[in-house]
Amino acid sequence: HQNYPNPFNPSTAISFAVAQRLVVELSVFDLLGRRVRLLAQGPRAAGQHIVVWDGTDEQGRAVGAGVYLYRLGTADFAQTRKMVLVE
């Protein structure tokens, strides 16, 4: 699903659903393709899940305003969506 709110400041919720227990990875990237933050990694039970991104990088530093991509991936599926952090 698309994150909400979008645009956002200072945080946004990313929701996703899995039909069965799966190992998932949810990451945020900048437009150059560099990973900014790993939000979730590991097994998830079937159902709806929500992960909140607080606009910080792996070291806990606030990132700048701009367009970011988040990618949800499993062994058989990957989807990328766009989100906008505003000041």
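Model, not experiment: these values are computed from the prediction.

Visitor: Please explain the sheet that holds strand β2 (residues 22–29) as it appears in this structure.
Guide: The strands making up a sheet are joined through hydrogen bonds of the backbone, oriented either antiparallel or parallel. Taken together, four strands build an open sheet; the order of strands is β3-β2-β5-β6 and the sheet is antiparallel. The sheet is open, and its two edges are formed by β3 (35–44) and β6 (78–85), each paired on a single side. On average, each strand axis in the sheet is tilted by 15° relative to the strand beside it, whichever way the strands run. Pairing between strand β5 (residues 66–73) and β6: eight bridges, direction antiparallel. Within β6, the residue paired with Arg-71 across the bridge is Thr-80.

Visitor: Can you walk me through the packing of aromatic side chains in this structure?
Guide: Between two aromatic rings, the relevant description is the distance of the centres plus the angle of the planes. According to the stated counting rule, one finds two aromatic pairs in the structure shown. Taking 5.5 Å as the distance between ring centres and 70° as the angle between the ring planes, the aromatic pair formed by Trp-53 and Tyr-68 counts as edge-to-face. Remark: Tyr-68 occurs in strand β5 and Trp-53 occurs in strand β4 (residues 47–53); sequence separation between them is 15 residues. Tyr-68 matches Trp-53 in its accessibility class, with the two residues each being buried. Put simply, the rings of Phe-8, Trp-53 and Tyr-68 pair up and form one aromatic cluster.

Visitor: Where do I start with the side chain of Asp-30 in this structure?
Guide: Along the chain, the position of Asp-30 falls in the loop between β2 and β3. Given the relative accessible area of 12%, Asp-30 is considered buried. Polar contacts involving the side chain of Asp-30 include one to the side chain of Arg-34, which spans 2.7 Å. In contact with Asp-30, not counting residues within four places along its chain, are Val-36, Tyr-68 and Leu-69.

Visitor: Got a minute to help me understand the environment of Leu-31 in this structure?
Guide: Inspection of the secondary structure assignment puts Leu-31 in the loop between β2 and β3. With 35 residues separating them along the chain, Leu-31 and Gly-66 place their C-alpha atoms 9.0 Å apart. Once residues within four sequence positions are removed from consideration, Leu-31 is found in contact with Val-67 and Leu-69.

Visitor: Help me out: how do you make sense of the pairing of β2 in this one?
Guide: One face of the sheet, then the other: side chains in a regular strand alternate in exactly this way. Examined bridge by bridge, β2 and β3 share eight bridges and lie antiparallel to one another. When the bridges of β3 are listed, Val-28 appears paired with Arg-37. Here β2 hands over to β3 after five residues, with Gly-33 in that stretch at a positive phi of 90°. Two strands pair when backbone bridges link them, and β2 and β5 are joined in this way by five bridges, in the antiparallel orientation. Directly across from Glu-25, in β5, lies its bridge partner Gly-73.

Cut-offs used in this document
- Sequence order sets the numbering: in each chain, residues are counted from 1 along the sequence as written.
- Reporting of local features is limited, given that this is a predicted model, to residues whose pLDDT is at least 70; pairs of side-chain atoms are given and counted only at 80 or more, and all residues count toward the totals for whole chains, interfaces and linings.
- The basis for every side-chain value is the complete set of non-hydrogen atoms in the structure, without hydrogens or water.
- Whether two strands pair depends on DSSP finding at least two bridges between them.
- Runs of E in the DSSP output that reach at least two residues are strands. Runs of H or I that reach at least four are helices, and both are numbered from the N terminus.
- Helix axes use the C-alpha atoms of the stretch in contact, all axes being lines fitted to C-alpha atoms, and the angles between their N-to-C directions lie in the range 0 to 180 degrees.
- Here the aromatic set is Phe, Tyr and Trp, taking the six-membered ring for Trp, and pairing holds for ring centres within 6.5 Å; pairs whose planes are under 30 degrees apart are stacked, those over 60 apart are edge-to-face, and all others are tilted.
- With a 1.4 Å probe rolled over the protein chains alone, any residue whose accessible area is under 20% of its type maximum counts as buried; one over 50% counts as exposed, and the rest are partly exposed.
- Any N or O atom pair separated by 3.5 Å or less is treated as a polar contact, with the protein-specific requirement of one donor-capable and one acceptor-capable atom, and with residues adjacent in sequence counted only for side-chain atom pairs.
- When checking whether two residues touch, look at their non-hydrogen atoms; a contact exists if any pair is within 4.5 Å.

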